[in-house]
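In case you want the letters, here they are:
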Amino acid sequence: METKATFASRMLLGLVFFGFGLNGLLKLFPLPPAQGAAAVFIDGLVATRYFFPLLFVTYLFTGAALLTGRFVPLALTVLAPIIVNIEVMHFFVPSSGAELGLAALVTALEIFLAWSCRATFRPLLRARYELVSSKPVEK
């Protein structure tokens, strides 16, 4: 059973990533140009020609998964390294208060939702694993 807080967090995080993914692909609203070290970093990523389209498609699919409530643990797993990179970039590169606030909000939502899904993630954190056979073993 999903609580109201979990539902609201999932919807908000889904809207953020779905919105940024849609905007990145369709260029609905221009983003302010980056300045200084951030501009150099982003220009390098733009030069690859694949990075931002891949990132925005990832945002779109993970945002849609969160909004629909389907594959939520997978979406959170895919978003985790992206959110870490967002935090690290804003930590090392001067950013506006709004950017820092959005990064903090996204991080808090991700942590809260991952904690809410902790039972799903528990098998991933086992030190030892067991292989599950699809065929019965004959003796």
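Just above, that's the structure.
Rules of the game
- Residues numbered from 1 in each chain as written.
- Predicted model: local features only at pLDDT ≥ 70, side-chain atom pairs only at ≥ 80, totals over all residues.
- Heavy atoms only, no water.
- Core = buried A, V, L, I, M, F, W, Y, C linked by side-chain atoms within 4.5 Å.
- Buried < 20%, exposed > 50% of the residue type's maximum accessible area, 1.4 Å probe, protein only.
- Helix = DSSP H or I, 4+ residues; strand = E, 2+ residues; numbered from the N terminus.
- Salt bridge = Lys/Arg side-chain N within 4 Å of Asp/Glu carboxyl O.
- Axes fitted to C-alpha atoms, helices over the stretch in contact; angles between N-to-C directions.
- Parallel < 35°, antiparallel > 145°, perpendicular 65-115°, else oblique.
- Left-handed = near helix turned anticlockwise from the far one by under 90°.
- Contact = heavy atoms within 4.5 Å.
- Nonpolar A, V, L, I, M, F, W, Y, C, P; charged D, E, K, R; others polar.

A. Up close: the nonpolar core. Within the largest apolar cluster, 21 residues are counted, with the highest numbers of intra-cluster contacts made by Leu13, Phe17, Tyr59, Leu66, Leu76, Leu79 and Val106. Mapped by element, the contributors of at least two residues to this core are α1 (4-26), α3 (51-68), α4 (72-92) and α5 (97-116).

B. Molecular detail of the pattern of salt bridges. A complete count under the given rule lists 1 salt bridge for this structure. Note that Arg10 is salt-bridged to Glu2, the shortest N-O span being 2.8 Å. Judged by relative accessible area, which is 7%, Arg10 ranks as buried. Taking the relative accessible area as the measure of exposure, Glu2 reaches 35% and is therefore partly exposed.

C. Representation of the packing of α4 against α5 within the structure. The N-to-C vectors of α4 and α5 enclose an angle of 150°; their axes lie 10 Å apart at closest approach. By the criterion of interaxial angle, the relationship of α4 to α5 is roughly antiparallel. Regarding α4 and α5, the two cross each other, and that crossing is left-handed. Contact residues: α4 offers Leu76, Leu79, Ala80, Ile83, Ile86, Glu87 and His90, while α5 offers Glu99, Leu100, Ala103, Ala104, Val106, Thr107, Glu110, Leu113 and Ala114. The class makeup of the residues in the contact of α4 with α5 is 11 nonpolar, 2 polar and 3 charged.

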